[in-house]
Amino acid sequence: MKLDDLNNNEPVLEAQLVWARKGNNVSRKFRCMVGHRAGRLVSNPTQCSKPVDIKKQIVLRKTKAIQGSKLQRKALKTKRFNPASIAVKKLNKVVK
């Protein structure tokens, strides 16, 4: 019995194609649906099952604790005014 048979013949999606900003350019990325990186954007779907680097995870947690609100304000400004961010928003509406 295959894994597909368990889900009423629906294919198991490991990653979903999305568009993301890479600097000032728009690039194709994948959103992980399963694994340790579920919900995260990665450049290659095979990265979804890789183990997470604990050291990087801890450093990011510390950075967000110290500068979280500052990072949020900067991200909101970028999403509002950067042409690549606006294009990404429109492209991802079409994909869904």
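Residues numbered from 1 in each chain as written. Predicted model: local features only at pLDDT ≥ 70, side-chain atom pairs only at ≥ 80, totals over all residues. Heavy atoms only, no water.

1. Section: helix H2 (residues 54-81)
Each α-helix turn comprises 3.6 residues. Residues three or four places apart therefore point the same way. Helix length check: H2 (28 residues) gives 34 Å between terminal C-alpha atoms against 40 Å at 1.5 Å per residue, more than 12% under. Gln67 marks the point of greatest bend in H2, at about 85°. Where burial is concerned, little of H2 is hidden: one out of the 28 residues are buried. Sitting at the head of H2, Asp53 places a side-chain oxygen 3.2 Å from the backbone nitrogen of Lys55. (Helix = DSSP H or I, 4+ residues; strand = E, 2+ residues; numbered from the N terminus. Expected span 1.5 Å × (residues − 1). Bend = angle between axes of the 7 residues up to and from the residue. Buried < 20%, exposed > 50% of the residue type's maximum accessible area, 1.4 Å probe, protein only. Polar contact = N/O pair within 3.5 Å; in protein donor to acceptor, adjacent residues only side chain to side chain.)

2. Quick word on the confidence of the model for the chain
Taken residue by residue, the chain gives an average pLDDT of 87. The fraction at 70 or more is 85%. Across the chain, the secondary-structure element scoring lowest on mean pLDDT is helix H1 (residues 3-6), at 50, and the one scoring highest is H2, at 95. (pLDDT = per-residue confidence, 0-100.)

3. Focus: the state of the cysteines
Think of a disulfide as a covalent bridge from one cysteine sulfur atom to another cysteine sulfur atom. Enumeration over the complete set of coordinates arrives at one disulfide. The partner cysteine of Cys32 in its disulfide is Cys48, sulfur to sulfur 2.0 Å. Its S-S torsion of approximately -85° makes the covalent link between Cys32 and Cys48 left-handed. Remark: Cys48 occurs in the loop between strand S3 (41-42) and H2 and Cys32 occurs in strand S2 (residues 25-32); sequence separation between them is 16 residues. Accessibility expressed as a relative area gives 2% for Cys32, which makes it buried. Overall, Cys48 belongs to the buried group, its relative accessible area being 1%. (Disulfide = S-S within 2.5 Å.)

4. Concerning the pairing of strand S1 (residues 15-22)
Across eight bridges, S1 lies against S2 in antiparallel orientation. Counterpart to Gln16 in the pairing with S2 is Arg31. Connecting S1 to the antiparallel partner S2 that follows it, the hairpin turn spans two residues, and Gly23 within it adopts a positive phi of roughly 70°. (Pairing = 2+ DSSP bridges.)

5. Digging into the pairing of S2
Looking at chain direction, S2 and S3 are connected through two bridges and run antiparallel. Considered in S3, the bridge of Arg31 is made with Leu41.

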